[in-house]
Amino acid sequence: MTEARPGAAASASLWEREAEIDAITQAIDELRVDKASPGSVLVISGEAGIGKTALLAEARRIAEERGCTAWYARGGETVTSVPFNVVRQLLQPALLGLMEEERREYLGDWYDIAGPALGLTEPGEGQTDPQAVCDGLVAAANRLARRTWPLVLLIDDAHWADQETLHWLSAVADRLTEMCVLVVVARRPGEATGERARHLTRIAAKARPVTTLNALTPDATAGLTRATVGRHADDPFCREVWAVTGGNAYNTVELLAKVKDSGLPPVEDSAGELRALNRSARGHGLVARLEELGVEATRFAWAAAILHTGITVDIVARLASLPRERAVLCAELLTSARILTEPDPSNRRADDGDLEFVHPLIATAVYDSIPSGIRTAFHGVAATAVTESGRGAAAASRHLIEVHPDGEADLVEQLRAAAAEHLAVGAPDAARRCLERALKEPPLPDIRVRVLYELGCATLLTSPGTTVDYLRAALAEPGLDSTERVDAVFRLSQALLHNDQLGEAIRTVDAEIARLEPGSARMRLQAARYMWEGVHAGEELPATHSQELAALAATCTGRDNSERALLILRGFDAMTRGENAEEVIAFCDRALVNGRLAPGLGWTDTEWGIELLLMLATAYAYADRLDRAESLYTDALRTYESAGWSGGHLALAHAYVGLGHRLRGRLKDAESSLRTSLVLAEEVGRGLPLYWSTTCNLVDTLLVRGHVEEAWKVAEQYNFAPPYPSTIVLPEPRSVRGRLLLAVGRTAEGINELEAAEKATAARGHHNTVTATWGAALARSLATEDPRRAAELAASIRRRAERFGTDTAIGEAIRLEAALATGRKAASLYAQAVTYLAASPSGYEHAAARVEYGITIRSVSELERGLTLAESCGADGLAGQAREALDRIG
């Protein structure tokens with residue numbers, strides 16, 4: 001390594017960074033090829049002071065020199081709790097530069113979702129889905145990248161970025177193949193914890209090889225020393241500079257600045273004084289040096305460290321209780337001492353203020369040096385200043401959280417207001433922190449129970465276990481009114497169910513039911529009990545479940561939502577049990593108001609949840625009322641998309657739209673919707689019920705399309721195999737898995753799986769032959785080896801299908817009997833099956849019956865009709881069978 005100094009435009013911290021600069025330059029040049037160029041992530045890792053910030057500054061210089069737009073943001077140690085802090089720094093300035101009408105047009109449907117998180121508009125009321133906000137911010141970044149191509153995003157100190165920003169950045173990293181943007185992230189290893197650390201790990205996994213910066217070598221340190229203090233610096237002095245600083249770029253620069261300020265000769269005789277000088281530039285030495293500047297300068301620095309951002313002389317003067325003229329002098333002293341400095345113009349933002357700390361290490365040292373009592377007082381004054389500035393309770397909350405608990409009712413209300421604002425912008429973890437701090441104040445007893453209740457509601461989407469604890473605590477104390485108490489019990493039972501504690505969920509609901517007089521509230525909890533039992537597949541249903549539900553539903557006219565919920569549950573239960581389909585439809589119809597969902601039972605209403613409405617739509621679907629089912633499914637999809645709900649809700653909407661396509665016989669559309677659902681479900685997490693619903697229906701769709709290899713690939717990739725989920729999935733997953741095993745030639749395993757499906761469905765009384773398809777598949781597989789049992793199965797399926805009474809169920813039962821018969825009997829049965837299935841909404845099953853009938857009677861016209869139907873369905877395997885049969889006959 002030569003001692004040649006980097007170019008004049010470069011920072012001293014860029015010594016020995018040629019390889020890293022080359023990698024940055026290459027990534028920028030690849031971005032500039034054209035607007036179709038895929039984006040990428042560069043991650044620069046290294047200890048504090050190693051030169052990460054200087055490398056980001058050089059990346060910005062190179063980007064702008066090559067005609068790119070470059071935006072910079074920085075995390076901060078004392079503001080990690082501020083949601084969307086870093087993403088606002090990045091995106092907000094560009095959007096604020098537009099007129100409001102332009103911003104609305106630019107962000108489109110995402111404006112009301114992402115706008116509040118970016119500080120562009122006031123949040124609405126209620127809780128916003130965090131995944132929807134993240135998706136909206138990704139969409140905003142994508143549109144900005146197209147508008148300002150080529151775009152480079154620079155994130156410094158990402159280990160101190162807020163959790164919400166890192167969630168967004170992780171999602172951006174997943175989408176970079178379709179976003180022409182370069183993201184450069186600088187971080188310290190090992191600083192982040194919990195969810196923030198997990199997001200950083202995911203970001204790094206999407207990056208080019210992570211660049212880890214090394215300390216300066218002795219030769220580079222010598223070159224930097226001579227470039228700073230003079231060419232006459234001798235070798236022993238230069239070696240001691242390296243030994244004292246360990247080659248840390250920031251420490252080296254600071255030490256050499258002290259050498260120049262002190263006039264220390266850079267020769268061997270002075271080398272012994274370097275360690276003392278180095279100590280004065282950091283840690284306790286920095287604090288001692290700060291104290292030497294005087295009490296007022298120290299208080300000014302403390303106040304600046306409390307603010308962290310937006311440091312202005314006027315605000316600091318107020319926090320530090322200093323006259324303005326004295327504050328101006330303190331700012332000058334601290335600037336001369338290289339503690340504070342003016343913000344870099346290239347990175348400056350509107351709310352940066354007049355000053356910033358020279359380096360995060362200094363900010364941390366100053367903040368840590370503030371006596372705890374004084375620090376708490378400073379935060380209290382800062383919270384008041386922020387609140388009085390009109391920025392709202394959420395902006396003040398990071399200071400409020402640090403204030404010493406003292407039983408102040410006003411502080412509790414401010415924290416509750418801040419939590420509500422955080423929930424409205426999609427930051428439930430920030431809301432949780434505010435409410436947990438409010439509990440420590442502590443609030444008065446009648447307010448405490450509401451804080452506990454609000455905590456339970458805030459954590460429902462993110463932590464079922466935490467929700468359980470808070471709601472139990474709220475219910476154990478007096479103070480909730482009857483409506484709040486019932487809602488708390490309902491939410492607690494939801495959380496227990498999601499926490500895989502079905503038994504406890506039901507016991508909790510039962511205990512509250514016993515306390516209540518007959519009425520709507522009691523009926524709501526009764527509905528919850530039957531709903532959780534009905535959706536849970538992990539245990540046998542109580543013998544009295546259906547009888548009790550039927551008796552209760554018989555008293556319901558649909559006059560309120562509790563009665564409507566019970567009618568839906570009765571209709572769903574009757575459908576799964578294979579009771580008369582006309583009665584199923586009648587129950588479901590009575591739950592509607594003029595043929596539509598009742599107010600309070602919409603897809604985005606949170607009182608009942610999505611499970612109930614999916615039961616309603618699915619009961620209609622399998623009762624051959626696909627028109628009503630598809631109307632509900634598509635309404636769910638439109639509602640969630642327009643409201644910006646994402647994650648699990650949108651994944652389920654796409655999955656059930658796919659189910660509607662599958663039952664209708666639009667197999668290509670079904671596959672497309674289900675694959676979209678699977679992508680969304682992957683983001684939520686594997687193993688959840690929605691993940692199973694999507695995978696099961698996709699495998700089923702691929703099987704009926706004749707794409708057996710692809711079905712097996714999906715099953716292998718997404719773990720569609722035992723153990724099965726604890727919640728009910730339709731169609732029954734063991735039945736689908738058994739058919740898959742038969743299709744790939746693993747006959748014995750397939751028969752075992754179908755027999756396991758028989759036992760599982762019998763234990764729950766699920767006798768609907770359309771939802772539990774194990775019987776037909778098992779009968780076909782046993783036709784040769786055990787024709788008697790196959791015939792018995794077919795007869796049983798026929799009886800159950802006729803009891804259910806739909807054209808699809810009866811037609812499929814007769815089609816099975818035809819497959820087991822021969823000669824004229826087979827032909828006669830196929831003719832009957834075709835008649836029933838032609839009247840049903842089931843396109844694929846109709847096509848299959850036509851093809852099999854044509855093969856049986858060797859009819860060209862029937863085969864051609866079957867072929868046309870199969871091709872319109874997208875049933876490639878069935879169409880192939882029809883063509884082969886036509887070739888044989890022709």
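Residues numbered from 1 in each chain as written. Predicted model: local features only at pLDDT ≥ 70, side-chain atom pairs only at ≥ 80, totals over all residues. Heavy atoms only, no water.

The next subject is the overall build of the protein chain. Within the protein chain, the regular secondary structure consists of 44 helices and seven strands. Taking the principal axes of its C-alpha atoms as reference, the protein chain extends roughly 110 × 70 × 50 Å. A burial count over the protein chain gives 57% of its 890 residues as buried. Placing the 95 positive and 122 negative side-chain charges of the protein chain at their respective mean positions leaves the two points 3 Å apart. (Helix = DSSP H or I, 4+ residues; strand = E, 2+ residues; numbered from the N terminus. Buried < 20%, exposed > 50% of the residue type's maximum accessible area, 1.4 Å probe, protein only. Lys, Arg positive; Asp, Glu negative; His and termini not counted. Charge placed at Lys NZ, Arg CZ, Asp CG, Glu CD.)

The next subject is the side chain of T165. Within the secondary structure, T165 is located in helix α7 (residues 163-174). At a separation of 3.0 Å, a polar atom in the side chain of T165 contacts the main-chain amide nitrogen of V87. Those residues in contact with T165 that sit more than four places away from it in its chain are F84, N85, V86 and V87. (Polar contact = N/O pair within 3.5 Å; in protein donor to acceptor, adjacent residues only side chain to side chain. Contact = heavy atoms within 4.5 Å.)

For helix α30 (residues 610-622), built from 13 residues, the straight-helix expectation of 18 Å at 1.5 Å per residue is met to within 8% by its first-to-last C-alpha distance of 18 Å. For α30, the buried fraction is high: 13 of the 13 residues fall into the buried class. Positive backbone phi, approximately 70 degrees, marks D624, located one or two places after α30. (Expected span 1.5 Å × (residues − 1).)

Once that is clear, we can look at the sheet that holds strand β4 (residues 181-187). The strand order β2-β3-β4-β1-β5 describes an open sheet built from five strands, whose pairing is parallel. Unpaired on one side and paired on the other, β2 (69-74) and β5 (211-212) mark the two borders of the sheet. The strands that α7 touches are β1 (40-45), β3 (151-156) and β4; relative to β4, the one it contacts most, it runs at about 135 degrees. (Pairing = 2+ DSSP bridges. Axes fitted to C-alpha atoms, helices over the stretch in contact; angles between N-to-C directions.)

What follows is about the pattern of salt bridges. The final tally for this structure, using the stated rule, is 62 salt bridges. Between R437 and E441 there is a salt bridge, with the nearest N and O atoms lying 2.8 Å from each other. This pair shows no difference in class: R437 is buried, exactly as E441 is. Where E579 meets R577, a salt bridge forms, and the shortest distance between an N and an O atom there is 3.8 Å. For E579, a relative accessible area of 13% gives the class buried. What emerges from the salt-bridge pattern is a single network uniting D29, R32, E58, R61, E65 and R66. (Salt bridge = Lys/Arg side-chain N within 4 Å of Asp/Glu carboxyl O.)

In this structure, Q92 sits in helix α3 (residues 85-96). Overall, the relative accessible area of 19% leaves Q92 in the buried class. Not counting the four nearest positions on each side in its chain, Q92 is found in contact with V87, L118, G119 and L120.

Attention now moves to unusual backbone geometry. For the bond from W149 to P150, the omega torsion is -10 degrees, close enough to zero to count as cis. As for its placement among the helices and strands, P150 is situated in the loop between α6 (130-147) and β3. The peptide bond linking E441 to P442 adopts the cis configuration, its omega dihedral lying at -10 degrees. Mapped onto the elements, P442 comes out in the loop between α21 (428-440) and α22 (445-458). Phi is positive for D157, close to 50 degrees, though the residue is something other than glycine. Structurally, D157 is set in the loop between β3 and α7. You can call D157 buried: its relative accessible area is 3%. At R338, a residue that is not glycine, the phi angle is positive and equals roughly 60 degrees. Among the structural elements, R338 can be located in the loop between α16 (324-336) and β6 (340-341).

Before going further, it helps to spend a moment on the nonpolar core. Ranked by internal contacts, the top residues of the largest apolar core, which has 159 residues, are W532 and V699. Tallying contributions element by element places α30 first for this core, with eleven residues. In this structure, V699 is in contact with A711, V714, A715, F720, V736 and L740, ignoring residues within four places of it in sequence. Counting 52 residues, the second-largest nonpolar core is a separate cluster that includes A73, L90, L144 and V181. (Core = buried A, V, L, I, M, F, W, Y, C linked by side-chain atoms within 4.5 Å.)

What follows is about the packing of aromatic side chains. Using the criterion set out here, one finds seven aromatic pairs in the structure. Ring centres of F490 and W532 lie 5.9 Å apart, and the angle between their planes is 45 degrees; on these two criteria the pair is classed as tilted. A residue pair is termed long-range when its members are at least 10 positions apart, and F490 in helix α24 (residues 482-498) and W532 in helix α26 (residues 520-535) qualify at 42 residues. Each member of the pair, F490 as well as W532, is classed as buried. Relative to Y718, the ring of Y691 has its centre 6.1 Å away and its plane inclined at 65 degrees; by these criteria the two rings are edge-to-face. With Y691 in helix α34 (residues 689-705) and Y718 in the loop between α35 (708-717) and α36 (733-743), this pair connects stretches of sequence that are 27 residues apart. Judged on exposure class, the residue Y691 and its partner Y718 are both buried. In this structure, R375 is placed above the aromatic ring of Y367, and the distance from its NZ or CZ to the ring centre is 4.8 Å. A cation sits over an aromatic face here: R524 above F490, 4.3 Å from the ring centre. (Phe/Tyr/Trp six-rings, centres within 6.5 Å; stacked < 30°, edge-to-face > 60°. Lys NZ or Arg CZ within 6 Å of the ring centre and 35° of its normal.)

When pLDDT is averaged across the protein chain, the result is 89; 95% of the residues are at 70 or more. Counted against residues more than four places away or in other chains, residues 1-10, with its pLDDT under 50, gives 17 contacts. (pLDDT = per-residue confidence, 0-100.)

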